Amino acid sequence: MNAETTKSGGLGHGWRLALSALERYGVVIAFIALFGYNAITQSDTFLKPENLRNLLNQNAAIGVIAVGMTLVIIAGGIDLSVGAVMAFGAAVGMLTMNALFEGGGNEVIAVIVGLATGIALGAACGLLNGLLVTIGRIPAFIVTLAGLIGFRSVTLAIAEGGEIRAANGLTALQTLGRGGLEIPGVVDFYGQPVVFYWNILIFFAVVIAGQLLLSRTRMGRHFIAVGSNETAARYSGIAVNRIRTWSYVLVGACAGIAALMSLARMNSVSSSGVGHLAELDAIAAVVIGGTAMTGGRGRVWGTMLGVLILIMISNMLTLADVEVYWQGFVKGVIIILAVLIQRGRAN
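Here the structure is a predicted model, which means the values were calculated and not measured.

**Some thoughts on the overall build of the protein chain**
Looking only at helices and strands, one finds 13 helices and 4 strands in the protein chain. Relative to a compact globule of 347 residues, whose C-alpha radius of gyration would be 20 Å, the protein chain shows 22 Å and is just as compact. For the protein chain, the spread of C-alpha atoms along the principal axes amounts to about 90 × 55 × 35 Å. Partitioning the intrachain contacts of the protein chain with sequence separation of at least 6 by distance along the chain shows that 76% fall at a separation of at least 24. On the protein chain, roughly 17,200 Å² of surface is accessible, and the fraction owed to carbon and sulfur atoms is 65%. In the protein chain, 21 side chains carry a positive charge and 16 a negative one; their mean positions are 16 Å apart.

Take a look at the structure:
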């Protein structure tokens with residue numbers, strides 16, 4: 001009887017260890033498996049440097065938003081307005097740089113001021129959301145849902161439901177979108193050097209900054225403490241409202257950075273298209289990366305892998321001729337599976 005009990009307990013302990021390892025390193029395993037699958041099934045195209053570069057460039061803006069979303073979720077909140085904030089910041093930023101350039105201002109200064117305006121506006125929108133959540137005591141879901149509707153509506157009104165294009169002759173923005181660092185010794189199919197676009201470099205820089213903030217700074221530790229147990233954090237002397245507000249400011253600033261990345265890549269702003277469903281992709285990447293939706297636990301590097309996993313899944317579905325309308329359903333299923341794994345560990 002004792003032997004059977006010990007054996008049963010050993011098996012139970014083994015399952016717990018396996019589940020814990022899956023929750024901790026599952027995103028790494030999934031990334032390696034998907035990368036290997038794509039490399040084998042699409043050996044002619046997937047591993048080409050220009051293909052990997054283009055896939056990253058197309059999704060770098062979502063990756064930046066996902067980093068900000070990681071911080072706000074770890075702190076116990078959520079932001080559904082990031083896509084609308086991204087569009088709002090892009091529209092105002094484009095109008096600002098067009099006005100300065102067409103008014104006779106220096107082209108480079110016009111672009112810098114326009115991009116800075118977009119980032120500042122994103123941070124301001126995040127500040128408004130944060131104050132409504134903390135001081136106004138309105139649930140984050142309601143506040144950011146209202147922001148999703150309101151900021152998108154303002155963007156549509158500014159652009160009159162259409163598109164805002166860069167002014168004629170504003171070439172500095174195009175240079176920013178198409179420029180970057182050449183990868184030494186790497187050439188594309190036509191023998192031209194492969195350029196690592198600035199957008200991709202910005203994405204990885206934001207990931208590094210986010211991970212350092214979360215793991216090496218006092219603010220990062222306070223994010224985790226507030227998300228884990230708000231009451232205990234308050235009794236420990238942490239300014240809970242200020243910390244949570246800062247998390248919304250940071251995710252808003254990330255949406256502003258994503259706005260300038262979209263401007264540089266597209267050289268225009270679609271009032272209805274920019275940032276559309278960005279909140280879904282960002283939350284999916286965060287959950288896949290191992291961040292708990294209940295707050296208090298997460299990692300920015302996991303979110304980065306979550307973004308890369310979503311990129312590969314979308315690439316697989318596209319090459320398999322799966323209609324784009326079904327891709328959202330697949331992402332929804334992935335979110336549910338990731339949450340179930342987290343719940344299993346908690347239980």
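**Concerning the layout of surface pockets**
The calculated volume of the largest pocket comes to roughly 900 Å³. Along its surface, the largest pocket is lined by 35 residues, and Gln58, Asn59, Ile62, His276 and Asp281 are the ones closest to its centre. Put simply, the parts of the chain that give the lining of the largest pocket at least two residues each are helix 2 (49–74), helix 10 (240–266), strand 4 (268–270), helix 11 (278–288), helix 12 (300–319) and helix 13 (327–346). For the lining of the largest pocket, the element with the most residues is helix 2, which contributes 7 residues. Of the residues contributing to the lining of the largest pocket, the split by class is 16 nonpolar, 15 polar and 4 charged.

**Considering the side chain of Ser271**
On the secondary structure map, Ser271 appears in the loop between strand 4 and helix 11. Polar contacts involving the side chain of Ser271 include one to the main-chain carbonyl oxygen of Gly162, which spans 2.7 Å. When sequence neighbours within four positions are dropped, the list of residues in contact with Ser271 reads Arg152, Thr155, Leu156, Ala159, Gly161 and Gly162.

**Things to note about a nonpolar patch on the surface**
A cluster of nonpolar side chains, namely Val324, Tyr325, Trp326, Phe329, Val333, Ile336, Leu337 and Leu340, defines an oily patch on the protein surface of about 910 Å² accessible area. With respect to the helices and strands, Ile336 occurs in helix 13. Since its relative accessible area comes to 52%, Ile336 is described here as exposed.

**A few points about the pattern of salt bridges**
Within the structure shown, the criterion is met by 3 salt bridges. For Glu163, the salt bridge identified is with Arg165, shortest N-O distance 2.9 Å. The exposure class of Arg165 is exposed, given its relative accessible area of 58%. Between Glu230 and Arg244 there is a salt bridge, and its shortest N-O distance comes to 3.0 Å. Taken together, the positions of Glu230 in helix 9 (residues 230–235) and Arg244 in helix 10 put the pair 14 residues apart, joining distant regions of the chain. Among the residues examined, Glu230 registers a relative accessible area of 31% and is labelled partly exposed. Several salt bridges share partner residues, and in doing so they unite Glu230, Arg234 and Arg244 into one network.

**Description of the environment of Phe46**
Within the element layout of this structure, Phe46 appears in the loop between helix 1 (2–41) and helix 2. Sequence separation of Phe46 and Asn129 is 83 residues, and the distance between their C-alpha atoms is 40 Å.

**Quick look at the packing of aromatic side chains**
Going through the model one piece at a time under the given rule, you end up with 5 aromatic pairs. Seen from their ring centres, Phe31 and Phe35 are 6.0 Å apart, and the 40 degrees between their planes marks the pair as tilted. Residue Phe31 and its partner Phe35 are both found in helix 1; the two are separated by 4 residues, about one turn of the helix. Each member of the aromatic cluster is reached from another via a ring pair, and the members are Phe31, Phe35 and Phe46.

**Considerations on helix 2**
Along helix 2, the largest kink reaches about 50 degrees and is centred on Ala60. Across the 26 residues that make up helix 2, a large majority, 20, are buried. Two residues or fewer past helix 2, Gly76 is found with a positive phi of approximately 95 degrees.

The rules behind these values
Residues numbered from 1 in each chain as written. Predicted model: local features only at pLDDT ≥ 70, side-chain atom pairs only at ≥ 80, totals over all residues. Heavy atoms only, no water. Helix = DSSP H or I, 4+ residues; strand = E, 2+ residues; numbered from the N terminus. Rg over C-alpha atoms; globule rule 2.2 N^0.38 Å. Contact = heavy atoms within 4.5 Å. Areas by Shrake-Rupley, 256 points an atom, 1.4 Å probe, with all protein chains shown as cover. Lys, Arg positive; Asp, Glu negative; His and termini not counted. Charge placed at Lys NZ, Arg CZ, Asp CG, Glu CD. 1 Å grid on protein atoms, 1.4 Å probe; cavity = no way out; pocket = protein on both sides within 12 Å on 5 of 7 lines; lining within 4 Å. Points joined across faces, edges and corners; volume = space filled by probe spheres on them. Nonpolar A, V, L, I, M, F, W, Y, C, P; charged D, E, K, R; others polar. Polar contact = N/O pair within 3.5 Å; in protein donor to acceptor, adjacent residues only side chain to side chain. Patch = residues over 30% accessible without salt bridge, like charges linked within 9 Å, V, L, I, M, F, W, Y side chains within 5 Å. Salt bridge = Lys/Arg side-chain N within 4 Å of Asp/Glu carboxyl O. Buried < 20%, exposed > 50% of the residue type's maximum accessible area, 1.4 Å probe, protein only. Phe/Tyr/Trp six-rings, centres within 6.5 Å; stacked < 30°, edge-to-face > 60°. Bend = angle between axes of the 7 residues up to and from the residue.

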